[in-house]
Amino acid sequence: MARKYGVANVEDLPVDFGGLQLEESERQGNIVFDRFYGDLHALYLRQRELLRLSNLLSPLPALQNVSAALAGTDGLHQIAFQQQAETHRRAMVTKLNTDLIEHGREAGWDYTADPSFWTTIEDFRFSPPATRAVLRSIAIDSLILLAWLAAALFVLARSVRSLTVEES
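Throughout this document, residue positions are counted from 1 along each chain, in the order its sequence is written. Reporting of local features is limited, given that this is a predicted model, to residues whose pLDDT is at least 70; pairs of side-chain atoms are given and counted only at 80 or more, and all residues count toward the totals for whole chains, interfaces and linings. Side-chain numbers come from the whole structure's heavy atoms, not from hydrogens or water.

Novice: What's the story with helix H3 (residues 75-103) in this structure? I'm lost.
Specialist: An α-helical turn contains 3.6 residues, so any two residues separated by three or four positions project in the same direction. Each helix corresponds to a stretch of at least 4 residues labelled H or I by DSSP, and each strand to a stretch of at least 2 residues labelled E; elements are numbered beginning at the N terminus. Any helix carries an expected span of 1.5 Å times its number of residues minus one. The first and last C-alpha atoms of H3 sit 41 Å apart over 29 residues, in line with the 42 Å expected at 1.5 Å per residue. For the exposure calls, accessible area comes from a 1.4 Å probe over protein chains only, and a residue counts as buried if that area is under 20% of its type's maximum, exposed if over 50%, partly exposed in between. Turning to H3, its buried residues number three or more, namely His77, Ile79, Ala80, Glu86, Arg90, Val93, Asn97, Asp99, Leu100 and Ile101. Two residues form a contact once any of their heavy atoms are found within 4.5 Å. On the buried face of H3, the contacting elements are helix H1 (17-52), helix H2 (60-71) and helix H4 (131-137).

Given below as structure tokens:
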């Protein structure tokens, strides 16, 4: 950093070194976070695919997936929320670190941002996945439910045909 700012010593930096350290730490942490959460989200998707095999025994898992997706409580919505919240958090932390870098040199860790700074931080607003994406995520589950319905109607029709009327 000293080279970037054209100074020989950290103490001669025109900006707050602690803020620079925080921002670099955040950058490195984000790399690790993205890797492990990406792996976790992939694991969730694989688990959901394996759970679909149980639909051969019962329509309940497919019904649960469709219900959760339509209610906005499924994995697709959860991951979308986590990603958007993390993006918002990162933008906020970058603003905080930048403010500390630019204005905290004299105060160091005792620096307090001006109250007007906080008006520059936007409120978090979640945007749920598009309806098309939600419907696409439950397409297989919906087909499974239709197959169970068709099987149930087939069994019902056969049962009705086998009924006989007894005269008394």
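Here the narrative resumes, following the displayed structure.
Novice: Could you clarify how one ought to interpret the UniProt feature "transmembrane region" (unreviewed entry) in the protein chain in this entry?
Specialist: UniProt positions are given in the numbering used here, feature names are shortened, and annotations may be inferred rather than shown by experiment. Mapped onto this structure's residue numbering, the UniProt feature "transmembrane region" (unreviewed entry) falls at residues 133-157. Annotation note: span residues 133-157, helix share 96%, strand share 0%, distance between end C-alpha atoms 36 Å.

Novice: It is not clear to me how the environment of Leu100 should be interpreted in this structure. Could you clarify?
Specialist: Looking at the element boundaries, Leu100 is found in helix H3. For Leu100 and Leu57, which are 43 residues apart along the polypeptide, the C-alpha to C-alpha distance reads 59 Å.

Novice: What exactly am I supposed to notice about the pattern of salt bridges here?
Specialist: Oppositely charged side chains can form a pair if their charged atoms are brought close together. Just to be clear on terms, a salt bridge is a Lys or Arg side-chain nitrogen sitting within 4 Å of an Asp or Glu carboxyl oxygen. Applying the stated criterion to the full structure yields nine salt bridges. Ionic pairing is found between Glu26 and Arg89, a salt bridge with its closest N-O pair at 2.5 Å. Linking Glu26 in helix H1 with Arg89 in helix H3, this pair joins segments that are 63 residues apart in sequence. Residue classification places Glu26 among the buried positions, given a relative accessible area of 16%.

Novice: In this structure, what is going on with the layout of surface pockets? I would like to understand it.
Specialist: Unfilled space is identified by rolling a water-sized probe across the atoms. Only protein atoms enter the 1 Å grid used here. Points where a 1.4 Å probe fits but cannot escape make up a cavity, open sets with protein on both sides within 12 Å along at least five of seven lines make up a pocket, and a residue lines them when an atom lies within 4 Å of a point. Grid points are joined across faces, edges and corners, and a volume is the space filled by probe spheres set on the points. As a volume, the largest pocket reaches approximately 370 Å³. Lining the largest pocket are 17 residues, and of these Leu45, Arg48, Asp74, Gly75 and Leu76 sit closest to its centre. Of all the elements in the fold, those that place two or more residues in the lining of the largest pocket are H1, H2 and H3. By residue number, the principal contributor to the lining of the largest pocket is H1, which donates six residues. Gly falls in the polar group here, along with every residue not listed as nonpolar (Ala, Val, Leu, Ile, Met, Phe, Trp, Tyr, Cys, Pro) or charged (Asp, Glu, Lys, Arg). In terms of residue class, the lining of the largest pocket is built from seven nonpolar, eight polar and two charged.

Novice: What exactly am I supposed to notice about the environment of Ile144 here?
Specialist: You can see Ile144 is positioned in helix H5 (residues 139-161). Along the primary structure Ile144 and Asn55 are separated by 89 residues, whereas in three dimensions their C-alpha atoms are 7.3 Å apart. Ile144 has contacts with Arg52, Asn55 and Ala62, leaving out every residue within four places of it along the chain.

Novice: Sorry, what's going on with the side chain of Arg52 here?
Specialist: Residue placement: Arg52 occurs in helix H1. The exposure class of Arg52 is buried, given its relative accessible area of 11%. Under the rule applied, a polar contact is a pair of N or O atoms within 3.5 Å (in protein, one hydrogen donor and one hydrogen acceptor; residues adjacent in sequence only if both atoms are side-chain atoms). Reaching out from Arg52, the side chain makes a polar contact with the backbone oxygen of Ser137 at a distance of 3.5 Å. Those residues in contact with Arg52, other than ones at most four positions away along the chain, are Ser137, Ile140, Asp141 and Ile144.

Novice: What is the right way to read the packing of aromatic side chains from this model?
Specialist: To describe a pair of aromatic rings, you give the distance between the ring centres and the angle between the ring planes. Pairing of aromatic side chains here covers Phe, Tyr and the six-membered ring of Trp, requires ring centres within 6.5 Å, and sorts the geometry by plane angle: under 30 degrees stacked, over 60 edge-to-face, intermediate tilted. In the structure shown here, the tally under the stated rule is four aromatic pairs. With a centroid separation of 4.3 Å and 25 degrees between ring planes, the pair formed by Phe33 and Tyr37 is classed as stacked. In this pair, Phe33 and Tyr37 are both assigned in helix H1, four residues apart and thus about one turn of the helix distant. Seen from their ring centres, Phe81 and Phe124 are 5.5 Å apart, and the 90 degrees between their planes marks the pair as edge-to-face. Remark: Phe124 occurs in the loop between H3 and H4 and Phe81 occurs in helix H3; sequence separation between them is 43 residues.

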